[in-house]
Amino acid sequence: MTGQPSRPPRRSALLRTTTVVAAAVPLCTAGWFGWQALDHSSPAGAAASAPAAPATPATPSTPGESAGATSATPEAPPTTAAPTTAPTTAPTGDLAGRTIVLDPGHNPGNFSHPTEINRQVDVGNGRKECDTTGTETNAGYTEADYTLDVTRRARALLTARGAKVVLVQDGDRPWGPCVDERARAGADAHADVALSVHGDGGPASGSGFHVIMPAKVVAGKADNSAIVEPSHRLGLLLRDRFHAATGEPYADYIADQGLDTRSDLGGLNLSAVPKVFIECGNMRNSADARRMTDPQWRQQAAQGISDALAAFLTTH
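Just so it is clear, the model here is predicted, and its values are computed rather than measured.

Asker: Run through the sheet that holds strand 4 (residues 164–167), naming residues and quoting values.
Answerer: Two orientations exist for strands paired in a sheet by backbone hydrogen bonds: parallel and antiparallel. Across the sheet, which stays open at both edges, the six strands sit in the order 4-1-5-10-6-9 with mixed pairing between neighbours. At either end of the open sheet lies a strand with only one pairing partner, and these are strand 4 and strand 9 (259–262). For this sheet the average axis-to-axis angle between neighbouring strands, irrespective of direction, equals 25°. Here four bridges tie strand 1 (residues 99–104) to strand 4, and the two strands are oriented parallel to one another. Within strand 4, the residue paired with leucine 102 across the bridge is leucine 167. Contacts from helix 8 (residues 295–314) reach strand 1, strand 5 (193–200) and strand 10 (275–282), with the element oriented near 150° to strand 5.

So, in C-alpha cells, the structure goes:
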C-alpha cells in the first residue's frame, strides 16, 4: 500500500495511495490459460483459445496477528503460486517487441530488515523511506505475497502475447528494492511502460480499488514532465479494464471515481517511462480481503492489468 496520513501505520511507514478515471472493456481471453499455467506451475508463455475451469483456492497458510476491525469469519490466507518460467521459443503476438516492467509492491522480506527499509532516499521533491512492509489482511495474508502472485500471473498473460516482462523483484532478494531503484527499473530495462501493483491498508469500513497517477514534478533529481500525459492515459485504461475484469468497485474511502493523482511517490516522481500504481483493494476490509485471497479473483485482477497494458501499447 501507499500510506495515507489519516491512517495509523502498520509495522513501518505505509505507502500512500492515489488514483485515475474512465470506463472500458476487457481486451483478451488469453488470461484463462495463463491462470491454469500458474496454478499448475506450468511454463508461462502459451495462449489459449477457450476459458478453462476455475482454479481451486490455494491451501490456507497459518493466519497472522489480527489488527483493525475483523470480520465474523476471517478469510484464510492462500499460498502464493510458484513463479513461472520464461518461454523458450521466440515470442509472437500483438505485444512482440514490447518491454513491460511490473513492480510487485514491497517485499516479503522487508519485515526482517527494518534498518534497511527505513533508510531515507531522495524522491526529487523530498525524502522518503526506502520502502515499507506493506499491509495485510486480518488473517495475515500480506500485501507483499499478494502483489508478487498477481504480477507473476500478469507476466504469464503478457508473455503469452509476445511481450518481454521484467519484474522489479521476483522474491529473489532479501528486501527492497528502495523506491528510487524501483523507479529506475523502467529506464534500466528500456521499457515501454511500467506498473506497480499494491493492496491498500485503509479503514476497515472502506472498500474498493483505485489507480494512482503521477502529478508533474520538476524538483531536485525528479523531472517526470514527459510521462505525465501518457501515464494518465494508462491510468484511465487500467481503471476501466480492472473494474471490468474483476467487478471490484471504485474505492469509497479515498480518491475520486477510482482515480488519484499524487506528487509524493518516488516511484512516479523519478520514473522515466509511463507508470502508474494500482491499489487492487483494501486488505483491511473483510469483503475485499476475501476476494484478494481467492486465486480465481487474483487471476481476474491479473487479466485486468494485462488488458490495460496491452490496450495502452496497441492503441493511441
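Asker: Describe helix 5 (residues 225–246), and please don't skip the residues or the numbers.
Answerer: Along its 22 residues, helix 5 runs 32 Å from first to last C-alpha, staying within 8% of the 32 Å computed at 1.5 Å per residue. At serine 231, helix 5 shows its largest kink, close to 25°. Downstream of helix 5 by a residue or two, glycine 247 has a phi angle that is positive, lying close to 75°.

Asker: Could you give an account of the nonpolar core, naming the residues involved and the relevant values?
Answerer: Ranked by size, the top nonpolar core spans 38 residues in total, and within it Leu102, Tyr146, Leu195, Ile278, Ile305 and Leu309 carry the most contacts. Those elements that provide at least two residues to this core are strand 1, helix 3 (143–160), strand 4, strand 5, strand 6 (210–214), helix 5, strand 10 and helix 8. Among the elements that make up this core, the one with the highest residue count is helix 8 (10 residues). With residues near it in sequence (within four places) discarded, isoleucine 305 still touches Val150, Ala154, Leu195, Val197, Leu238, Phe242 and Ile278. Judged by nonpolar contacts, the second largest core, of seven residues, contains Val168, Ala185, Ala189 and Ala191.

Asker: Could you give me a rundown of helix 8, with the residues and numbers involved?
Answerer: In this model helix 8 runs 28 Å from its N-terminal to its C-terminal C-alpha over 20 residues, within 8% of the 28 Å that 1.5 Å per residue would give. Counting buried positions over the 20 residues of helix 8 gives 17, a clear majority of the element. The N-cap of helix 8, judged by a side-chain oxygen 3.0 Å from the amide nitrogen of glutamine 296 a few residues on, is aspartate 294.

Asker: Which residues make up the pattern of salt bridges, and what are the values?
Answerer: Throughout the structure, instances matching the rule amount to 16 salt bridges. In this structure, arginine 184 and aspartate 180 form a salt bridge, with 4.0 Å as the shortest nitrogen-oxygen distance. Of this pair, arginine 184 and aspartate 180 both sit in helix 4 (residues 179–188), four residues apart, which is roughly one turn of that helix. The class of aspartate 180 is buried, set by a relative accessible area of 13%. Between aspartate 240 and arginine 239 there is a salt bridge whose closest N-O contact spans 3.2 Å.

Asker: Which residues make up the confidence of the model for the protein chain, and what values go with them?
Answerer: Here the protein chain averages 81 in pLDDT, and 71% of its residues register 70 or above. Every residue in residues 3–90 is under pLDDT 50, and counting partners more than four places away or in other chains gives 239 contacts.

Asker: Give a detailed account of the state of the cysteines, specifying residues and quantitative values.
Answerer: Under the counting rule described, the total for this entry stands at one disulfide. There is a disulfide in this structure between cysteine 130 and cysteine 178, and the S-S distance comes to 2.0 Å. Here the disulfide of cysteine 130 and cysteine 178 is left-handed, its torsion about the S-S bond being about -95°. One end of the pair, cysteine 130, is in the loop between strand 3 (127–129) and helix 3; the other, cysteine 178, is in the loop between strand 4 and helix 4, and 48 residues separate them in sequence. For the residue pair cysteine 130 and cysteine 178, the accessibility class agrees, reading buried in each case.

Asker: Break down the pairing of strand 5 for me, citing the residues and quoting the values.
Answerer: With respect to burial, strand 5 is a largely interior element, eight of its eight residues being buried. Two strands pair when backbone bridges link them, and strand 1 and strand 5 are joined in this way by five bridges, in the parallel orientation. Residue pairing across strands places aspartate 103 opposite serine 196, the latter belonging to strand 5. Where strand 5 meets strand 10, six bridges bridge the pair, whose relative direction is parallel. Residue histidine 198 lies in a different strand from strand 10, and its bridge partner there is glutamate 279.

Definitions and cut-offs
- Residues numbered from 1 in each chain as written.
- Predicted model: local features only at pLDDT ≥ 70, side-chain atom pairs only at ≥ 80, totals over all residues.
- Heavy atoms only, no water.
- Pairing = 2+ DSSP bridges.
- Helix = DSSP H or I, 4+ residues; strand = E, 2+ residues; numbered from the N terminus.
- Axes fitted to C-alpha atoms, helices over the stretch in contact; angles between N-to-C directions.
- Contact = heavy atoms within 4.5 Å.
- Expected span 1.5 Å × (residues − 1).
- Bend = angle between axes of the 7 residues up to and from the residue.
- Core = buried A, V, L, I, M, F, W, Y, C linked by side-chain atoms within 4.5 Å.
- Buried < 20%, exposed > 50% of the residue type's maximum accessible area, 1.4 Å probe, protein only.
- Polar contact = N/O pair within 3.5 Å; in protein donor to acceptor, adjacent residues only side chain to side chain.
- Salt bridge = Lys/Arg side-chain N within 4 Å of Asp/Glu carboxyl O.
- pLDDT = per-residue confidence, 0-100.
- Disulfide = S-S within 2.5 Å.

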